[in-house]
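Each chain, letter by letter, is given below.
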Amino acid sequence: MVGFQPSEVPPTTVVKLLGAGTAACFADLLTYPLDTAKVRLQIQGENPATQSVQYRGVLGTILTMVRTEGPQSPYSGLVAGLQRQMSFASIRIGLYNSVKQFYTPKGTDHSNIAVRILAGCTTGAMAVTCAQPTDVVKVRFQATICLGTGGDRKYRGTMEAYRTIAKEEGVKCLWKETLPNITRNAIVNCAEMVTFDIIKEKLLDSHLFTDNFPCHFVSAFGAGFCATVVASPVDVVKTRYMNAPSGRYRSPLHCMLKMVAQEGPTAFYKGFTPSFLCLGAWNVMMFVTYEQLKRALMKVQILRESPF
């Protein structure tokens, strides 16, 4: 099997943090257009600017964006997206096993489901608290429709976006919807990390797979599907509330109730297909890359510490 074999030495915390952040950035580079398409579909019907542009399906949304806004439009906000992954994924994924071990009672070989869920909630909440401003900026860029070459853009660059939002809307707006986003990411993190953890453990225990690519692929695909199903309603509300101008919604609950009243309960699953394609593909690429990076980094570290 191509790839690095598991190291006998457990990966250090630094290796896990660096590996998770780098793997997440790599996955984001490949799946970012799907994420942008998901955002556009989620806000369709809410933003008056979208009335002149109608999106249908994942591929149709991406092609419409390229045709009306240029080939770079599916990657709008990528810099903020990569900043988000380096801070967000490093914590929620890189620290998951360490936090799980912290919560596991001494003398216990395996962590039960409650411990895993608690670890997922903890690292998810920590990650959101640190990375929320990057998420706000990323969504603003992805949701901005810029028709024609050289069309009006509110922000010329990522750093200007941080400064403009802080100046015009207040610094606290960079942490807009932090509590709902903590809820959302606790759900997503539990669905992703706990599902991946359990599926991988069961596959290894049943001897169907060894700890290699097929095992990581199956586990990551299952994690992506579970995360999409449970997180889509919260994700739609988060996207709309975060993208809305000041005063449109009084709270995330008001956003949710208004959305149901105007568009019906199916609005909670707007953009489900791109969400699943994005999250499923992202999970597969991220977890497979993460596992290999951990092994590669540990091999380098072992070689550097070797006296020979």
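All chains use their own residue numbering, which begins from 1 and follows the written sequence. Residues qualify for local features only when their pLDDT is at least 70, as the model is predicted, and side-chain atom pairs are given and counted only at 80 or more; totals for whole chains, interfaces and linings, by contrast, use all residues. Hydrogen atoms and water are omitted, and side-chain values are computed over all heavy atoms in the structure.

As recorded in an unreviewed UniProt entry, the protein goes by Uncoupling protein 3 and comes from Nannospalax galili. UniProt positions are given in the numbering used here, feature names are shortened, and annotations may be inferred rather than shown by experiment. The UniProt entry for the protein carries this comment under Sequence similarities (unreviewed entry): "Belongs to the mitochondrial carrier (TC 2.A.29) family." UniProt, in its Subcellular location (unreviewed entry) section for the protein, records the words "Mitochondrion inner membrane".

A. Looking closely at the nonpolar core. Definition of nonpolar core: a set of buried residues of the types Ala, Val, Leu, Ile, Met, Phe, Trp, Tyr and Cys, connected through side-chain atoms within 4.5 Å. When a residue's accessible area, from a 1.4 Å probe over protein chains only, is under 20% of the maximum for its type it is buried; when over 50% it is exposed; and in between it is partly exposed. Counting residues in each nonpolar core, the largest one holds 27 residues, and the members touching the most others are Ile93, Trp282, Met286, Phe287 and Tyr290. Runs of H or I in DSSP of at least four residues are treated as helices and runs of E of at least two as strands, each being numbered from the N terminus. Here this core takes six residues from helix 10 (residues 272–305), the largest share from any one element. Contacts between residues were defined by any pair of non-hydrogen atoms, one from each residue, lying within 4.5 Å. With near-sequence residues (within four places) excluded, methionine 286 lies in contact with Ala23, Ala24, Ala27 and Ile93. If you look at the next biggest cluster of nonpolar residues, it comprises 12 residues, including Val137, Phe141, Leu174 and Met242.

B. Broad picture of the packing of helix 7 (residues 178–205) against helix 8 (residues 213–243). Only the stretch in contact is used when fitting a helix axis, every axis being a line fitted to C-alpha atoms; angles between N-to-C directions are given from 0 to 180 degrees. Closest axis-to-axis distance for the helix 7/helix 8 pair is 8 Å, and the angle between their directions is 170°. As the angle between them shows, helix 7 and helix 8 are arranged roughly antiparallel. Polarity classes work like this: nonpolar for Ala, Val, Leu, Ile, Met, Phe, Trp, Tyr, Cys and Pro, charged for Asp, Glu, Lys and Arg, and polar for all others, with Gly in that last group. Of the residues in the contact of helix 7 with helix 8, the class split is 18 nonpolar, five polar and five charged. Relative orientations are named as follows: roughly parallel for angles under 35 degrees, roughly antiparallel for angles over 145 degrees, roughly perpendicular for angles from 65 to 115 degrees, and oblique for any other angle.

C. Layout of helix 6 (residues 158–169). Here the expected span of a helix is defined as 1.5 Å times the quantity of residues minus one. For helix 6, with 12 residues, the first-to-last C-alpha span of 16 Å sits near the 16 Å given by 1.5 Å per residue. Thr158, Glu160, Ala161, Tyr162, Thr164 and Ile165 are the residues of helix 6 that are buried. In the segment just after helix 6, glycine 170 is the residue with positive phi, at about 95°.

D. Structural view of the environment of tryptophan 282. Counting through the fold element by element, tryptophan 282 comes out in helix 10. Expressed as a C-alpha distance, the spacing of tryptophan 282 and alanine 27, which sit 255 residues apart in the sequence, is 5.3 Å. Setting aside residues up to four positions removed in sequence, tryptophan 282 forms contacts with Ala24, Ala27, Asp28, Thr31, Gln85, Arg92, Ile93 and Glu192. Any N or O atom pair separated by 3.5 Å or less is treated as a polar contact, with the protein-specific requirement of one donor-capable and one acceptor-capable atom, and with residues adjacent in sequence counted only for side-chain atom pairs. Here the side chain of tryptophan 282 touches aspartate 28 through a polar contact of 3.1 Å, side chain to side chain.

E. Structural view of empty space enclosed by the protein. Only protein atoms enter the 1 Å grid, on which a cavity is a set of points fitting a 1.4 Å probe that cannot get out and a pocket is an open set with protein on both sides within 12 Å along at least 5 of 7 lines, lining residues being those with an atom within 4 Å of a point. Grid points are joined across faces, edges and corners, and a volume is the space filled by probe spheres set on the points. Summed over all chains, the structure comprises four cavities of 30 Å³ or more. Counted as a void, the largest cavity has a volume near 380 Å³. Asp35, Lys38, Arg84, Arg184 and Leu279 are the residues nearest the centre of the largest cavity, which is lined by 29 residues in total. Every element with two or more residues in the lining of the largest cavity is listed here: helix 1 (13–43), helix 3 (78–92), helix 5 (113–143), helix 7, helix 8 and helix 10. Per-element accounting of the lining of the largest cavity gives the leading share, seven residues, to helix 8. Residue classes in the lining of the largest cavity are distributed as 10 nonpolar, eight polar and 11 charged.

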